[in-house]
Amino acid sequence: MPSIERINPPTLAAPPGGRYAHVVRAGSLVWIAGQTARNAAGELVGPGDALAQSRQVYENLRAAMESVGGGLEHLTKVTVYLTREVDVAASRQAQDEYAAAHPVPASTMVVIKALARPEYLVEIEAFAVLPG
């Protein structure tokens, strides 16, 4: 049975209260906690702007994958949570920008009432499989 690593990379904002790990790895399997548009300093990127927030979220996913030696090309499933239906196109645009150079993962997108903080417009959680 592979060991389980719980990782909070310094390139991502610390989880509030340290209550979870951004990345959990067991062998070649990787789970990434829901990422919001916070930069490494914990500041919200793109207040009120779903495209800017979505781009920051993909940067956070990239940083999470790099912490285990992988990249966005290793994502196999993403779940996108939006708080406003009007932001679907912006979220898809960001996804297209980041997926253009990589195989696309399976994806689910849902519009929900709210995220953990009202200024968050988008959150994405992911699953990945590393080679080898």
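A.B. asks: So what about the pattern of salt bridges? Which residues, and what values?
C.D. replies: In the structure shown here, the tally under the stated rule is four salt bridges. One salt bridge connects aspartate 87 with arginine 84, and the closest N-O pair in it is separated by 2.7 Å. Residue classification places aspartate 87 among the buried positions, given a relative accessible area of 6%. Here glutamate 119 makes a salt bridge to arginine 117, at a shortest N to O gap of 2.4 Å. Glutamate 119 sits in the partly exposed class, given a relative accessible area of 27%. Residue class for arginine 117 comes out partly exposed when judged on its relative accessible area of 37%.

A.B. asks: Can you lay out the side chain of threonine 79 for me, pointing to particular residues and giving the numbers?
C.D. replies: Within the element layout of this structure, threonine 79 appears in strand 4 (residues 75–82). A relative accessible area of 13% means that threonine 79 is categorised as buried.

A.B. asks: Hey, could you go over the nonpolar core for me, with residue numbers and the actual values?
C.D. replies: Formed by 30 residues in total, the largest nonpolar core has its most connected members in Val30, Ile32, Leu61, Met65, Val68, Leu75 and Ile124. Looking at this core, the elements with two or more residues in it are strand 3 (29–35), helix 1 (50–66), strand 4, helix 2 (88–99) and strand 6 (122–129). Looking at which element gives the most residues to this core, the answer is helix 1, with eight residues. Residue contacts for isoleucine 32: discarding those within four places in its chain leaves His22, Leu61, Ala64, Met65, Leu75, Glu125 and Ala126.

A.B. asks: Any details on a nonpolar patch on the surface? Residues and values, ideally.
C.D. replies: Side chains of Leu29, Trp31 and Val129 sit close together on the surface and give an oily, nonpolar patch of about 240 Å² of accessible area. By secondary structure assignment, the location of tryptophan 31 is in strand 3. Its relative accessible area of 40% is what places tryptophan 31 among the partly exposed residues.

A.B. asks: Lay out helix 2 with the relevant residues and their values.
C.D. replies: Along its 12 residues, helix 2 runs 16 Å from first to last C-alpha, staying within 8% of the 16 Å computed at 1.5 Å per residue. Listed in full, the buried residues belonging to helix 2 are Val88, Ala90, Ser91, Ala94, Gln95, Tyr98 and Ala99. Its buried side turned inward, helix 2 meets helix 1, strand 4 and strand 5 (106–111).

A.B. asks: Hey, could you go over the sheet that holds strand 6 for me, with residue numbers and the actual values?
C.D. replies: Pairing is mixed across the open sheet formed by six strands, whose spatial order is 1-2-3-6-4-5. With partners counted over all chains shown, the strands left at the sheet margins are strand 1 (4–7) and strand 5, one partner each. On average, adjacent strands in this sheet sit at an angle of 10° to one another, irrespective of strand direction. By the bridge criterion, five bridges tie strand 3 to strand 6 in an arrangement that is antiparallel. The partner of leucine 29 across the bridge, within strand 6, is valine 129. Relative to strand 6, helix 1 is tilted by about 30°, and along the sheet it contacts strand 2 (23–26), strand 3, strand 4 and strand 6. Its contacts with the sheet put helix 2 on strand 4 and strand 5, and the angle it makes with strand 5 is roughly 155°.

Calculation rules
- Residues numbered from 1 in each chain as written.
- Predicted model: local features only at pLDDT ≥ 70, side-chain atom pairs only at ≥ 80, totals over all residues.
- Heavy atoms only, no water.
- Salt bridge = Lys/Arg side-chain N within 4 Å of Asp/Glu carboxyl O.
- Buried < 20%, exposed > 50% of the residue type's maximum accessible area, 1.4 Å probe, protein only.
- Helix = DSSP H or I, 4+ residues; strand = E, 2+ residues; numbered from the N terminus.
- Core = buried A, V, L, I, M, F, W, Y, C linked by side-chain atoms within 4.5 Å.
- Contact = heavy atoms within 4.5 Å.
- Patch = residues over 30% accessible without salt bridge, like charges linked within 9 Å, V, L, I, M, F, W, Y side chains within 5 Å.
- Areas by Shrake-Rupley, 256 points an atom, 1.4 Å probe, with all protein chains shown as cover.
- Expected span 1.5 Å × (residues − 1).
- Pairing = 2+ DSSP bridges.
- Axes fitted to C-alpha atoms, helices over the stretch in contact; angles between N-to-C directions.

Don't take any of this as a statement about function, it's just geometry.
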